[in-house]
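Report on the structure
This is what each chain is made of:
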Amino acid sequence: MSRTWSPLRTATGAVLAAWAGLFWFLLLTGRSPLYLSDRTAWVVPLGAVVLSVAAAGRLATARSEATEPLPRRTAWWLGLIVMPVVLVLALPPAALGSYAASRRSAVAAGVVPAQGLSSGPVTLVHVAAAMWSPDARRQLVARAGTSVSFVGFVSRRAGMPTDEFVITRFLVSCCVADALSVQVRVVGAPPGRFAQDQWVRVTGSVYPLGREVLVEASEVEAVPRPDRPYLNV
Amino acid sequence: MELVPSVAAPTRSARNIALVALALGAGGLLARAAQGAGVAQVQTFVLIFSSLLIEALPFIVLGAVVSAAIEVFVPGAAFARLARLPRPLQMPVAGLGGFAFPVCECGSVPVARRLVAKGMAPAAAVTFMLAAPILNPVVLVSTAVAYRGREVMWAMVLGRAALGLLVALAVGWVVANRSKRELLRGGHEEGADHGHAAALPRGRRRWRGFFEHLAGDFVLLARYLVIGVAVAAALQTFVSQSVIGSVADTPVLGVASLMLLAGVLSLCSESDAFVAASFVQFGAGAQLAFLVFGPMVDAKLGFLYAGTFGKGFVRTVVVVVGAATLAATLWFEVLLG
């Protein structure tokens, strides 16, 4: 008996191929840092290869002796599985912003290392360590007045003076779903020049005040969103 | 007359595909318009939704690959021999299997389903499924890294491993008397078990069967993963994490609220310790509850379990895992002083 292409098997193979295509797309365009940390970036090539093999295998065995139509219900299920692929490809690249920062936890002790804080440049990862670790905070207090240069996006709290804002950056361990925020209050910024969620580079002197860290800005400039918008640990 | 369905079927299939493609195109345009209009909630939801799926889906496929390989390459007699071992021996061995099979929770579900279908005792397969995402070396090392520099580091790592195994054994013991038919949900389209022949297929038929089972498991589980991840992303987008902070000092409520949060966030077990370590206002017992409950019960797993197992399984897992974790972590808190 002759074999014909089974719509059911072909559609399943196409769904696997669509997901494989998404992983290849992320790999080739370098967009995976928008979703994953460096620690889990290996998932993307793994997904691309395994899904490609699965799609090729399913399509190679998609000819069937029996008639296998694609029922409407199954078609909708397959559409649901493909929907995230469509969303990622249809939407322009983006990163978590001030709305997410208002609803998520801040980083804590143990999560970020404080190595290099006693000497060398002070980074936002060091600030994250100093937010909760007494030892890191002591080290940061000893560096009060040191020149820093932080890149992050602008967020504002209710009642803040016009020449102040909060510069925020997310720290990701595996994927964006586990993002924790690092925030630094910036004073002496040009009033009203930077909109919410605008990415900026703040240069100035750093001062820890209790659990809050403050930067007295000498220069604030708008910068494009970095290719790697999240810090990693 | 026989020709009618074979002529009509491709047309009907093409119509169904066109309808779904149209809906997908419209959905993509709608999401683009919402993001273009600067709706922060849409952007946050899509980012969390996509990142959870991008991280979890390869593990679903790997789980489906292992599951299909078990079906096609491992003779059923091997599992029948295992099933004859005494239960008190079978269940801990299955639970400790996570050390040898380091996958997170999404990958262990299709494997457990296939193990039951091939004849392994349901108690052992369920114990493996629940313990593997915690008792694997990657997860235990990431827990140690997240808590490094704190006095409770070893208590958290060892407590997580021991409690994860104990809770998984408790659920395995509760479902031990259920038969394969009672435990597994039957009747899936591509996901159906196509009648297991006693002898394994050979040659090209073997590979045909392999890809058939692989695609079947993928389609079955991926759709529940998408629904579960959508629920988790919506909760992460619209519910502020600060709402649970007010009960941090209340012993039972503190533990229960972090268990609830673990269920909502649906994090991968390889990264959840970093988030748990950030809840410094909560006690170590509540953080341990987050680390044990989350890899066994969360929004995405709820849908995966519901699509894989029979009626009542989700309720059993939630009740047993919830009660055992709550009781054990309260004792853990007392013992730590």
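The residue numbers shown here count from 1 along each chain, following its written sequence. Going through the entries in the order they are written, you letter the chains from A and number the ligands from 1. In view of the model being predicted, local features appear only for residues whose pLDDT reaches at least 70, and side-chain atom pairs are presented and counted only at 80 or more, with totals across whole chains, interfaces and linings using the full set of residues.

1. Examining the overall build of chain B
Our working rule: Secondary structure is summarised from DSSP: a helix means a run of H or I of at least four residues, a strand means a run of E of at least two, and numbering begins at the N terminus for each. Values of the radius of gyration come from C-alpha atoms, whereas the globule rule sets the reference at 2.2 Å times the count of residues to the power 0.38. Residues are defined as contacting one another if the C-beta atoms placed from their backbone atoms lie within 7 Å.
Within chain B, the secondary structure is distributed over 15 helices and zero strands. The C-alpha radius of gyration of chain B comes to 22 Å, within 12% of the 20 Å expected for a compact globule of 337 residues. Long-range pairs, those at least 24 residues apart, make up 87% of the contacts in chain B between residues at least 6 apart in sequence.

2. Some thoughts on the interface of chain B and chain A
Accessible area lost during the coming together of the parts is what is often quoted as the interface size. Selection rule: Residue polarity follows a fixed list, in which Ala, Val, Leu, Ile, Met, Phe, Trp, Tyr, Cys and Pro are nonpolar, Asp, Glu, Lys and Arg are charged, and the others, Gly among them, are polar.
The interface of chain B with chain A comprises 65 residues on the first partner and 59 residues on the second. Counting residues per element, the ones that place at least two in the side of chain B that touches chain A are helix 1 (3-36), helix 2 (40-73), helix 10 (203-238) and helix 12 (272-276) of chain B. At 19 residues, the largest contribution of residues to the side of chain B that touches chain A is made by helix 2 of chain B. Of the residues belonging to the side of chain B that touches chain A, the class tally is 37 nonpolar, 17 polar and eleven charged.

3. What to know about unusual backbone geometry
Stated formally: Labels follow a simple rule on C-beta atoms placed from the backbone: if 20 or more others lie within 10 Å of a residue's own, it is buried; if 12 or fewer, it is exposed; otherwise it is partly exposed.
Within the chain, Asp 197 of chain A stands out as a residue other than glycine whose phi angle is a positive 75 degrees. Structurally, Asp 197 of chain A is set in the loop between strand 5 (180-187) and strand 6 (199-209). Residue classification places Asp 197 of chain A among the buried positions, given that 20 C-beta atoms sit within 10 Å. Phi is positive for Ser 266 of chain B, which is not a glycine, with a value near 55 degrees. With respect to the helices, strands and loops of the structure, Ser 266 of chain B is situated in the loop between helix 11 (251-265) and helix 12. For Ser 266 of chain B, a count of 28 C-beta atoms within 10 Å corresponds to the buried category.

4. As for the packing of helix 5 (residues 105-117) of chain B against helix 6 (residues 122-131) of chain B
The description of two packed helices rests on the angle between their axes and on the distance between the axes. All names here are of chain B. Quick reminder of the rule: In this description, a line fitted to the C-alpha atoms serves as the axis of each element, helices being fitted only across the stretch in contact, and the angle between N-to-C directions of two axes falls anywhere from 0 to 180 degrees. What sets the label is the angle itself: under 35 degrees gives roughly parallel, over 145 gives roughly antiparallel, 65 to 115 gives roughly perpendicular, and the rest give oblique.
Where helix 5 meets helix 6, the axes come as close as 9 Å, and the angle between the chain directions of the two elements is 170 degrees. Taken as axis vectors, helix 5 and helix 6 run roughly antiparallel relative to one another. In contact with Ser 108, Val 109, Ala 112, Leu 115 and Val 116 of helix 5, helix 6 contributes Pro 122, Ala 125, Val 126, Phe 128 and Met 129. Considered class by class, the residues forming the contact of helix 5 with helix 6 number nine nonpolar, one polar and no charged.

5. Examining the packing of helix 1 (residues 7-29) of chain A against helix 3 (residues 72-90) of chain A
Residues and elements named next belong to chain A. We count it as follows: Two helices crossing with the near one rotated counterclockwise from the far one by less than a right angle form a left-handed crossing, whereas a clockwise rotation gives a right-handed crossing.
For the pair helix 1 and helix 3, the least separation of the axes is 10 Å and the interaxial angle reads 15 degrees. The angle between helix 1 and helix 3 falls in the class roughly parallel. The two elements helix 1 and helix 3 meet at a crossing, and its hand is left-handed. Residue-level inspection shows Leu 8, Ala 11, Thr 12, Val 15, Ala 18, Trp 19 and Leu 22 of helix 1 in contact with helix 3, the latter providing Thr 74, Leu 78, Ile 81, Val 82, Val 85 and Val 88. Residues belonging to the contact of helix 1 with helix 3 are distributed by class as follows: eleven nonpolar, two polar and no charged.

6. So, the confidence of the model for chain B
Close inspection of predicted coordinates is inappropriate in any region flagged by low pLDDT. Residue and element names in this part refer to chain B. To be explicit about the condition: Note: pLDDT gives the predictor's confidence per residue, expressed from 0 to 100.
In the predicted model, chain B carries a mean pLDDT of 83, and 91% of its residues have values of at least 70. Overall, residues 1-5 carries pLDDT values under 50, and its contacts beyond four positions in sequence, including any with other chains, amount to one contact. Overall, residues 191-198 carries pLDDT values under 50, and its contacts beyond four positions in sequence, including any with other chains, amount to nine contacts. Here the complex is predicted with pTM 0.82, and the ipTM for its interfaces comes to 0.92.

7. Some details on the pairing of strand 3 (residues 147-155) of chain A
All names here are of chain A. Put simply, the rule reads: When DSSP finds at least two bridges between two strands, those strands are taken to pair.
As paired strands, strand 3 and strand 6 are joined by seven bridges and run antiparallel to one another. Across the sheet, residue Ser 147 finds its bridge partner in strand 6, namely Ser 205. As judged from the three bridges shared by strand 3 and strand 4 (residues 164-172), these two strands associate in the antiparallel manner. Among the inter-strand pairings, Ser 155 is bridged to a residue of strand 4, identified as Val 166.

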